[in-house]
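Listed here are the chains, written in short residue letters.
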Amino acid sequence: MIVMKFGGTSVGTAQRIKNVAGLITKSKGNFVVLSAMSGTTNSLVEISDYLYNKNKEGAIDAISSLESKYAKVIRELYSTESASSKASNYVASVLDYLKTLTKQLFTSVEEKIVVAQGELISTHLMAYYLEEQGVNLCLLPALEFMKIDIQGEPNSDYIRQRLTALLEQNPGADLYLTQGFICLNHHDEIDNLQRGGSDYTASLIGAALGAEQIQIWTDIDGMHNNDPRIVEGTSAVRQLHFDEAAELGYFGAKILHPTCVQPAKFANIPVLLLNTNDPSAPGTVISNTLAHGGIKAVAAKDNITAIRIKSSRMLLAHGFLRKVFEIFESYQTSIDMICTSEVGVSMSIDNTLHLNEIVRDLKKYGTVSVDLDMCIVCVVGDMDWENVGFESRAMEAMKDIPVRMVSYGGSNYNISFLVRAEDKVAALRSLSKCLFE
Ligand code: ADP
Ligand code: ASP
Ligand code: MG
């Protein structure tokens, strides 16, 4: 079995839904995961904001925009009256439900239900289209098998048992279709795997079923060696190790959600990044195989804050770092980068929800300073420390850019630089020039 996940742009118009239908029916027995049509989850988040703020008019306007968007998709997608009316009824039932929320108390429980609707709609529209084409498909609701625990982590045993049972109850379908992103939480309420989380759904399903491959279909021909939205002339990397892909996903390569790597890595199932607009392009293969001795790609992660604590008295005395880390832990804030010296420690975080409390608590141990609006630029590849020359090439590329922190040696796969957000573009372009041209 192959798990095929299609992102928002891949199902973003009626024509694209038709193209995807062609791809997923080429062979039998695939397990297909769909995201919401592009823009829909953002609209649902916007509707939730209006509802939180009791702005009924704003919510109704945004719901009406969705209404026209889906009316157009339905007009263009179906050729029979019966498929078209099933789809219209389904979308109307969702939008009517959203309208009822303007009249009641809106909490995070309703918010999660609202943002789940994009994937529910896209999979229903695809299911009616495939039925119209005579495909024997089985729509398996993600809410019947995808579940997270109290920590928000997927419950792998539950997912495997439920999926296996559902497949046994529905044998022999031409294809199995489900929603990405959405799940139940430990209260059995509707929840999700965080924005961009459909990649994670695909990987969890692949691992649960021992799939042959997990294919992530998107709008580009694989992982590029730099962010194609920022740097011109980037090219696709053909092969990546899971750890390299995890570093790139975590440090900003939007094509792959970082959580998606771990289930596939442990189940040893290759992940392929493929292009819906050019299905025969080779894409990127991510596996446990490492292509030795080279820098593969560069990525950048935005919205980073650097915190430095200086203390002439206790720094690097044993137990000092523990105390510092405990402060971050007590505010559930994870640290991305860390650099130490005899007189100071610098750390970077991306979640600033508790920044004030963290700074206040750190002040017990030393002088604290904060740099806002920073960005991590990360160079990824097989950079075993015994191989020479990689660090110097990356450093050379950064020679004109003020660098606040450098981290190297944490893994064999990464050199990270912390720079000002305003220097990100220059840093990415210079790295591409020095490393790949
Ligand atoms: P989907 O909706 O299919 O999940 P995403 O928008 O999440 O698609 O990811 C695909 C986009 O990621 C591409 O269109 C591209 O602009 C962006 N991207 C950022 N960095 C990279 C990279 N290193 N390689 C490829 N794509 C990247
Ligand atoms: N639709 C969700 C989002 O936009 C999940 C995804 O596309 O992966 O974040
Ligand atoms: Mg994505």
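A brief structural summary. Every value quoted in this text rests on a predicted model; they were computed, and no experiment measured them. (Residues numbered from 1 in each chain as written. Chains lettered and ligands numbered in written order. Predicted model: local features only at pLDDT ≥ 70, side-chain atom pairs only at ≥ 80, totals over all residues. Heavy atoms only, no water.)

Read from one edge of the open sheet, 6 strands run S12-S13-S11-S14-S16-S15, paired in antiparallel fashion. The open sheet terminates on both sides in strands that have one partner only, identified here as strand S12 (335–340) and strand S15 (403–408). Sheet twist, expressed as the mean angle between neighbouring strand axes with direction ignored, is 30 degrees. Strand direction decides the pairing type here: S12 and strand S13 (residues 344–349), joined by 5 bridges, are antiparallel. When the sheet's bridge partners are listed, Cys339 is paired in S13 with Ser346. Contacts from helix H14 (residues 424–436) reach strand S11 (295–310), strand S14 (367–381) and strand S16 (414–420), with the element oriented near 140 degrees to S11. (Pairing = 2+ DSSP bridges. Helix = DSSP H or I, 4+ residues; strand = E, 2+ residues; numbered from the N terminus. Axes fitted to C-alpha atoms, helices over the stretch in contact; angles between N-to-C directions. Contact = heavy atoms within 4.5 Å.)

Let's shift gears to a nonpolar patch on the surface. A surface patch of nonpolar side chains, about 210 Å² in accessible area, is lined by Met395, Val403 and Val406. Within the element layout of this structure, Met395 appears in helix H13 (residues 390–397). Note on Met395: relative accessible area 42%, which makes it partly exposed. (Patch = residues over 30% accessible without salt bridge, like charges linked within 9 Å, V, L, I, M, F, W, Y side chains within 5 Å. Areas by Shrake-Rupley, 256 points an atom, 1.4 Å probe, with all protein chains shown as cover. Salt bridge = Lys/Arg side-chain N within 4 Å of Asp/Glu carboxyl O. Buried < 20%, exposed > 50% of the residue type's maximum accessible area, 1.4 Å probe, protein only.)

For the rest of this paragraph, the subject is the nonpolar core. Residues Phe6, Leu125 and Phe145 are the most contacted members of the largest nonpolar core, which totals 110 residues. In contact with Phe145, other than residues within four places in its own chain, are Phe31, Leu140, Tyr158, Ile159, Arg162, Leu163, Leu166, Thr178 and Ile205. Formed by 21 residues, the second largest nonpolar core is a distinct cluster that contains Val231, Cys375, Val377 and Met398. (Core = buried A, V, L, I, M, F, W, Y, C linked by side-chain atoms within 4.5 Å.)

Packing of helix H3 (residues 56–77) against helix H6 (residues 117–132) leaves a shortest axis separation of 11 Å and a crossing angle of 15 degrees. The orientation of H3 with respect to H6, classified from their angle, is roughly parallel. As for the relative orientation of H3 and H6, their crossing is right-handed in sense. Residues Tyr70, Val73, Ile74 and Leu77 of H3 form the contact with H6, whose own contacting residues are Ile121, Leu125, Tyr129 and Glu132. (Parallel < 35°, antiparallel > 145°, perpendicular 65-115°, else oblique. Left-handed = near helix turned anticlockwise from the far one by under 90°.)

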